[in-house]
Amino acid sequence: GLSLWNIFKAGLLCTNAIMILNRPRFLSKYGLDDVNNMGGSPSEHPLKNQAVGLLLAVQYLKVPVIVANCLTIFFEILLGGS
């Protein structure tokens, strides 16, 4: 079903997926590895700049995401995940 718990787990899964991306390896061919490397002014590529900003911001969430993963696993085991 569509519950807040399932929406939280889906968001956590997406955050985990973004965190494991190795920016220099996978994203440099799309020009998403560095904001300074994009060329031109930031107003020329606003969506691209937002994507790069998201990728950079998620890297600072490592500890909270690890805690959220542990709590999610604990509650899934305790309550019998659906």
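Everything here concerns the structure above.
Residues numbered from 1 in each chain as written. Predicted model: local features only at pLDDT ≥ 70, side-chain atom pairs only at ≥ 80, totals over all residues. Heavy atoms only, no water.

Taking 1.5 Å per residue as the helical rise, helix H4 (residues 62-79) with its 18 residues ought to reach 26 Å, and the 25 Å between its terminal C-alpha atoms agrees with that figure. Where H4 is concerned, the buried positions are Val65, Ala68 and Thr72. Seen along its axis, H4 keeps its buried residues to an arc of 60 degrees; they face one direction. Opposite its buried face, H4 presents the exposed residues Val63, Ile73, Ile77 and Leu78, each directed more than 90 degrees away. Buried residues along H4 sit in contact with helix H1 (4-19). Within two residues after H4, glycine 80 carries a phi angle of roughly 70 degrees, on the positive side. (Helix = DSSP H or I, 4+ residues; strand = E, 2+ residues; numbered from the N terminus. Expected span 1.5 Å × (residues − 1). Buried < 20%, exposed > 50% of the residue type's maximum accessible area, 1.4 Å probe, protein only. Arc of directions from axis to C-beta. Contact = heavy atoms within 4.5 Å.)

With that settled, consider the side chain of threonine 72. Structurally, the position occupied by threonine 72 is in helix H4. Look at threonine 72 and you get buried, because its relative accessible area is 11%. Residues in contact with threonine 72, not counting those within four places in the same chain, are Trp5, Phe8, Lys9 and Leu12.

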